[in-house]
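Below are the chains, spelled out letter by letter.
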Amino acid sequence: MTALIKILTEPSMLWLCGFFGDALVIVGIVTAALDKQIAGFTPMTWILLGMVFYFYFIISIAARIMVSLEGKAK
């Protein structure tokens, strides 16, 4: 198992990706409601950055399933 898969299978990775995804989406919603830009990023950019963290969340779950199935096969 590679080092990247070991990192992705940690339970803290799920919490980290979920927290940052939620935070970025909330920033996107607030900036859209206020019609503002933060650091030059539009609200859609913030929401898309949140989606990237949600994608890593899904990859982390898939990696945990893969490791579990790999362990059962042995």
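Scroll up to find the structure.
Residues numbered from 1 in each chain as written. Predicted model: local features only at pLDDT ≥ 70, side-chain atom pairs only at ≥ 80, totals over all residues. Heavy atoms only, no water.

Time to look at a nonpolar patch on the surface. A contiguous nonpolar patch, built from Leu16, Phe19 and Phe20 and spanning about 300 Å² of accessible area, is present on the exposed surface. Along the chain, Phe19 falls in helix H2 (residues 11-34). (Patch = residues over 30% accessible without salt bridge, like charges linked within 9 Å, V, L, I, M, F, W, Y side chains within 5 Å. Areas by Shrake-Rupley, 256 points an atom, 1.4 Å probe, with all protein chains shown as cover. Salt bridge = Lys/Arg side-chain N within 4 Å of Asp/Glu carboxyl O. Helix = DSSP H or I, 4+ residues; strand = E, 2+ residues; numbered from the N terminus.)

Once that is clear, we can look at the environment of Met44. Residue position: Met44 is located in helix H3 (residues 43-73). For Met44, a relative accessible area of 51% corresponds to the exposed category. C-alpha of Met44 to C-alpha of Val25: the two residues are 19 residues apart in sequence and 9.1 Å apart in space. (Buried < 20%, exposed > 50% of the residue type's maximum accessible area, 1.4 Å probe, protein only.)

Let us look at the environment of Asp35. As for its position among the elements, Asp35 is in the loop between H2 and H3. Classification of Asp35 as exposed rests on a relative accessible area of 70%. Taking the C-alpha atoms as reference points, Asp35 and Leu48, separated by 13 residues in sequence, lie 17 Å from one another.

This part takes up H2. Taking 1.5 Å per residue, 24 residues should reach 34 Å; H2 reaches 35 Å between its end C-alpha atoms and fits that length. Of all the residues in H2, the buried ones are Met13, Leu14, Cys17, Gly18, Gly21, Leu24, Val25, Gly28 and Thr31. In the core, the buried residues of H2 are packed alongside helix H1 (3-8) and H3. Positive phi appears at Asp35, one or two residues downstream of H2, with a value of about 55 degrees. (Expected span 1.5 Å × (residues − 1). Contact = heavy atoms within 4.5 Å.)

In this structure the tally under the stated criterion is three aromatic pairs. Ring centres 5.3 Å apart and planes at 80 degrees place the aromatic pair Phe41 and Trp46 in the edge-to-face group. For Trp46, a relative accessible area of 12% corresponds to the buried category. In this structure an aromatic cluster arises from ring pairing among Phe19, Phe20 and Phe53. (Phe/Tyr/Trp six-rings, centres within 6.5 Å; stacked < 30°, edge-to-face > 60°.)

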